[in-house]
Amino acid sequence: MSDRKEFRDLAPPEAAHEAIASLDLGGGTEHVPLREARGRVLAERVDATLDVPGFDRASVDGYAVRARDTFGADEADPARLELTGAVHAGEEPDVTVTDGTAAEISTGAVLPDGADAVVMVERTDTEGDEVLVRTSVAPGDRVMVAGADIAAGERALGPGTELTPREIGLLSALGVDEVPVRAAPTVGIISTGDELVRPGEDLHSAAGEIYDVNSYTTATAVEEAGGEAALYPHAGGAASAASPERADRPVGDDYAEMERILTEAAAECDLVLSSGSTSASAVDVIYRVIEEQGELLLHGVAVKPGKPMLVGRLADSAYVGLPGYPVSALTIFRTFVAPAIREAAGLPEPRTATIDGRMAVEERYAEGRRRLMPVGTVADERGDTLVYPVDKGSGATTSLVEADGLVEVPAETEYLAADEAVTVQLFSPDVRVPSVYGVGEDDPAFSRFLDGLDRPRYLSLGTREGRRRLRDGVPDFAVVAGSDGADDEYERAGGWTREWGVLVPAGNPADVTGLADLVDRDARFVNRGQNSGLRRALDDALAALATDRDTDRAALTDAIDGYDMTVRAHESPARRVAAGDADAGLGLRATAEQLGLGFVSLGEQSTSVLVNPERTGKEGVEALREVVENADAVLADLPGYATE
């Protein structure tokens, strides 16, 4: 179409940093109650307006004395002083220490007039109204003088200080009840696309609707960087940025509506972030709104992911457009936007935001753009960090939790070699390497086993992919269903059996009795993908049936309506059957009973946990082995499951 907007020349990543740095993201100073100041950054110097402590006080329990009265005293020849009274913490002294006298005193109590030292109680005895001092003290001993901690007029804390419990304690001691801090920039967040629905609302998947991931992911990342997030769903209400709900849906792709919501957010926020609608398409209109209502500084960056990034100004607000795919949006935010928000909020770059490791496998890349490669991490048996690529496609939201951070790969790099040293930029300083990492079969029993482990990571990619990755040496273990001759190469850390078969509607209205009915009848079937161990069991059973009929398996699979209609997870076929979208599906007895379906058994399948030979002694693997070996309690209420 004639109004299609092509990408301009892609700007280098440095230009994107410079463009964002040129924007005014707010800041300034605000005053907050001391109780709410943790984690904020001082905007101004705070000087002490009083001495801390504000009086000379005893640092031990004992007796307040005149030091000269103790000179020469020792164990054999103690100084005898008349006891004239006592002083307790929190009260004003009503005694005076004179020559030859002493006053009992508690830790923290005000030193009475006339006294200039304190003798600790352990070096004294009492006889009647006298105290026997068995040591000599000098003036100031066991006394914290007024202002010893901090004195009136002294600089207490400087601007740029991040307020932790230590600083809060000092400000409390100074009597400060309100603190001048750097104002956190307010960031308006807009997810675009007619297909998006807010979590908690009804989802119409048949119409292509998906839940809005980016609003919540980006809002949390903004707050982690020191900003205040304001979510802007679809317009339709005149609520302010502080309103918890604005409307029913995220912004659509209509120009007038996009213009309205963008200008509203720009009027209320220091920075506006949108996700989606940034690529060169006739329906992607945000860049036109920015060009016509503000100033477009940059459109397109030579980086993967994130080529369609936008930077500009709208009214008095800064604007950055993020890609629509969740992993891409979070990657671009962390790389380009989070540092600017931290600077505006006065927060330093997190000190523990990177870790060093080495590539677990070779990774090839030759696209001529700087790559921000999402990666996961795993520890080997020595505790060294291994790094592996996480790439399920930019649109895969599960990559958000499977990836720990990014490895930045220069544009001219064609590949990263196995064992090559790399630095991982963590998505969060709170990210930790998982205790144990596995790949393999999607199995409801193993999901329960994982609940008994501390910080496990498990990718349910199927038996075939589990075996492949275990051969590559990346995961600590693989869960495989069915047998394979190569499995004997690995230690088996326990196993179980599961009953598999055909899932049918409740009551089995079509009276399906076995595989032959799927072949011979006109029944809609839902299969599992080729990575699944259940698919292998089904194919083996079909091969046996083909032998019985003196034909080949392909002839039987061609006769099954939907044999090539595959889904990924163990519950997926069951849900299709339950929804009336299929007459039968491949699955487990446990799944059928959980969802109230009928079940036609086709046999039992052995499932095993295979251990990476290089990780047999790893602590996380040992914990996994213990959990699996004590499987009886876990399997007791799972129909069709049994220990081997």
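This structure is a prediction, so every number in the text was calculated from the model and none was measured.

A. Local environment of the overall build of the protein chain. Within the protein chain one finds 16 helices and 37 strands. What you see for the protein chain is a C-alpha radius of gyration of 35 Å, clearly larger than the 26 Å of a compact globule of 644 residues, by over 25%. Along the first, second and third principal axes, the C-alpha atoms of the protein chain reach 120 × 70 × 50 Å. Residues classed as buried in the protein chain amount to 49% of the 644 residues present. Within the protein chain, counting contacts between residues at least 6 apart in sequence, those at least 24 apart form 71% of the total. For the protein chain, the accessible area works out to roughly 29200 Å², and carbon and sulfur atoms hold 45% of it.

B. Summary view of a negative patch on the surface. Together, E381, E614, E619 and E622 make up a negatively charged patch on the protein surface. Along the chain, E619 turns up in helix 15 (residues 619-629). When its relative accessible area of 67% is taken as the criterion, E619 is described as exposed.

C. Examining the pattern of salt bridges more closely. What the rule picks out here adds up to 41 salt bridges. Close ionic contact of R66 with D99 constitutes a salt bridge, the shortest N to O distance being 3.5 Å. Pair noted here: R66 is in the loop between strand 4 (62-65) and strand 5 (79-87) and D99 is in the loop between strand 5 and strand 6 (101-105), with a separation of 33 residues, a long-range link. In this structure, D637 and R448 form a salt bridge, with 2.5 Å as the shortest nitrogen-oxygen distance.

D. Here's a closer look at helix 4 (residues 255-268). If you check helix 4, its first and last C-alpha atoms are 20 Å apart, about what 14 residues at 1.5 Å a residue would give, namely 20 Å. Every buried residue of helix 4 is accounted for by E257, M258, I261, L262, E264, A265 and A266.

E. Seen up close, the sheet that holds strand 13 (residues 186-191). Spatially, 16-13-17-21-20-18 is the arrangement adopted by the six strands of the open sheet, whose pairing is mixed. Sheet topology places strand 16 (228-231) and strand 18 (294-299) at the edges, where each strand pairs with a single neighbour. Taken over all neighbouring pairs, the strand axes of this sheet differ in orientation by 20 degrees on average, direction set aside. Relative to strand 17 (residues 271-275), strand 13 runs parallel, the two sharing five bridges. By the bridge assignment for strand 17, G188 is matched with V272. Across the sheet, helix 1 (residues 13-21) lies against strand 18, strand 20 (310-314) and strand 21 (317-322), angled at about 160 degrees from strand 18, the strand it touches most. Strands strand 13, strand 17, strand 20 and strand 21 of the sheet are contacted by helix 4, whose axis makes an angle of about 165 degrees with strand 13.

F. Representation of empty space enclosed by the protein within the structure. Evaluated as defined, the whole model comprises one cavity of 30 Å³ or more. Only strand 13, helix 3 (214-224) and strand 17 provide two or more residues apiece to the lining of the largest cavity. Partitioning the lining of the largest cavity into residue classes produces four nonpolar, six polar and no charged.

G. A look at the side chain of T124. Its location among the elements puts T124 in strand 8 (residues 124-127). In this structure the side chain of T124 is engaged in a polar contact, spanning 2.8 Å, whose partner is the backbone oxygen of V121. The contact partners of T124, leaving out residues within four places of it in the chain, are Y63, V119, V131, L132 and V133.

H. Just the sheet that holds strand 7 (residues 117-120), in detail. If you walk across this open sheet you meet the six strands as 7-4-6-5-9-8, and the pairing is mixed. Only two strands of the sheet have a single partner each, and these edge strands are strand 7 and strand 8. Pairs of neighbouring strands in the sheet enclose a mean axial angle of 40 degrees, with direction left out of account. As judged from the four bridges shared by strand 4 and strand 6, these two strands associate in the antiparallel manner. Along strand 6, the bridge assignment pairs A64 with A103.

I. Broad picture of the environment of T335. The residue T335 is located in helix 6 (residues 326-345) in this model. In this structure T335 comes out as buried when scored by relative accessible area, which is 12%. Once the C-alpha coordinates of T335 and S172 are considered, the two residues, 163 residues apart in sequence, prove to be 37 Å apart. Ignoring any residue separated from it by four or fewer positions in sequence, one finds T335 in contact with H17, L372 and L406.

J. Geometry of the nonpolar core. L271, M309, F333, F336, V337 and I341 are the most contacted members of the largest nonpolar core, which has 46 residues in total. It is helix 6 that contributes the most residues to this core, 10 residues altogether. Aside from chain neighbours lying at most four places away, what touches V337 is I20, L271, L273, V320, L322 and I332.

K. Just the packing of helix 3 against helix 6, in detail. Helix 6 packs onto helix 3 with a crossing angle of 25 degrees between their chain directions and a minimal axis gap of 10 Å. With respect to each other, helix 3 and helix 6 are oriented roughly parallel. In the crossing of helix 3 with helix 6, the sense of the turn from one axis to the other is right-handed. Listed contacts from helix 6 to N214, T217, T218, A221 and V222 of helix 3 are P326, A329, L330, F333 and I341. Of the residues belonging to the contact of helix 3 with helix 6, the class tally is seven nonpolar, three polar and no charged.

L. The arrangement of the packing of aromatic side chains in detail. This model, assessed by the stated rule, comprises seven aromatic pairs. With centroids separated by 6.3 Å and ring planes inclined at 70 degrees, the aromatic side chains of F446 and F449 adopt a geometry described as edge-to-face. On the criterion of helical spacing, the pair formed by F446 and F449 is a turn pair, its members being three residues apart in helix 8 (residues 444-451). Both residues of the pair, F446 and F449, belong to the buried class. Through a chain of ring-to-ring contacts, three or more aromatic side chains come together here, namely F446, F449, Y458, F477 and W496.

M. Region of the structure containing the pairing of strand 22 (residues 354-359). Of the pairings in the sheet, the one linking strand 22 to strand 28 (residues 421-426) comprises five bridges and is antiparallel in character. Of the residues in strand 28, the one forming a bridge with D356 is T423. In this sheet, strand 25 (residues 385-389) lies alongside strand 22 in parallel orientation, the contact comprising two bridges. The partner of M359 across the bridge, within strand 25, is V387.

N. Looking closely at the environment of A481. Structurally, A481 can be placed in strand 31 (residues 477-481). Residues A481 and E167, 314 residues apart in the sequence, show an inter-C-alpha distance of 56 Å. Ignoring any residue separated from it by four or fewer positions in sequence, one finds A481 in contact with E441, T463, R467, R498, G533, Q605, S606 and T607.

O. Molecular detail of the packing of helix 1 against helix 6. The contact between helix 1 and helix 6 brings their axes to 10 Å, and the two run at 25 degrees. Considered as vectors, helix 1 and helix 6 are oriented roughly parallel to each other. For the pair helix 1 and helix 6, the sense of crossing is right-handed. Residue-level inspection shows P13, A16, H17 and I20 of helix 1 in contact with helix 6, the latter providing T335, F336, V337 and A340.

What counts and what doesn't
- Every chain is numbered on its own, with residues counted from 1 as its sequence reads.
- Given that this is a predicted model, residues contribute local features only at a pLDDT of at least 70 and side-chain atom pairs are listed and counted only at 80 or more, while totals for whole chains, interfaces and linings are drawn from all residues.
- The basis for every side-chain value is the complete set of non-hydrogen atoms in the structure, without hydrogens or water.
- Starting at the N terminus, helices and strands are each numbered in turn, a helix being any DSSP run of H or I of at least four residues and a strand any DSSP run of E of at least two.
- It is over C-alpha atoms that the radius of gyration is taken, and the globule rule equals 2.2 Å times the number of residues to the power 0.38.
- Think of it in three bands: with a 1.4 Å probe and only protein chains considered, a residue is buried below 20% of the maximum accessible area for its type, exposed above 50%, and partly exposed in between.
- Any two residues having at least one pair of non-hydrogen atoms within 4.5 Å are treated as being in contact.
- Each accessible area value is a Shrake-Rupley result obtained with a 1.4 Å probe; residue values ignore everything except the protein chains displayed when judging cover.
- Residues enter patches when they are more than 30% accessible in relative terms and free of salt bridges; like-charged ones are connected within 9 Å and nonpolar ones (Val, Leu, Ile, Met, Phe, Trp, Tyr) within 5 Å.
- Counted as salt bridges are all cases of a side-chain nitrogen of Lys or Arg within 4 Å of a carboxyl oxygen of Asp or Glu.
- Charged residues are defined here as Lys and Arg on the positive side and Asp and Glu on the negative side; His and the ends of the chain fall outside this count.
- By convention, charge coordinates are those of NZ in Lys, CZ in Arg, CG in Asp, or CD in Glu.
- One less than the residue count of a helix, multiplied by 1.5 Å, gives the span that helix is expected to have.
- Two strands form a pair only when DSSP identifies at least two bridges running between them.
- Fitted lines through C-alpha atoms serve as axes, helices being fitted only where they are in contact, and the angles separating the N-to-C directions of these axes extend from 0 to 180 degrees.
- Here a cavity denotes a set of grid points, spaced 1 Å apart and computed over the protein atoms alone, in which a 1.4 Å probe fits but from which it cannot get out, and a pocket denotes an open set meeting protein on both sides within 12 Å along at least five of seven lines; residues with an atom within 4 Å of a point are reported as lining.
- Grid points are joined across faces, edges and corners, and a volume is the space filled by probe spheres set on the points.
- For this scheme, ten residues count as nonpolar: Ala, Val, Leu, Ile, Met, Phe, Trp, Tyr, Cys and Pro. Four count as charged, namely Asp, Glu, Lys and Arg, and the remainder, Gly too, count as polar.
- Polar contact is the term for a pair of N or O atoms within 3.5 Å; when the atoms are in protein, one must be able to donate a hydrogen and the other to accept it, and sequence-neighboring residues count only if both atoms are side-chain atoms.
- Only buried Ala, Val, Leu, Ile, Met, Phe, Trp, Tyr and Cys residues count toward a nonpolar core, and they belong to the same one when joined by side-chain atoms within 4.5 Å.
- What sets the label is the angle itself: under 35 degrees gives roughly parallel, over 145 gives roughly antiparallel, 65 to 115 gives roughly perpendicular, and the rest give oblique.
- Working rule for handedness: look at the near helix, and if it is turned counterclockwise from the far one by less than a right angle, call the crossing left-handed; if clockwise, right-handed.
- The criterion for an aromatic pair is that two Phe, Tyr or Trp rings (for Trp, the six-membered ring) have centres within 6.5 Å, with stacked assigned to planes under 30 degrees apart, edge-to-face to planes over 60 apart and tilted to the rest.

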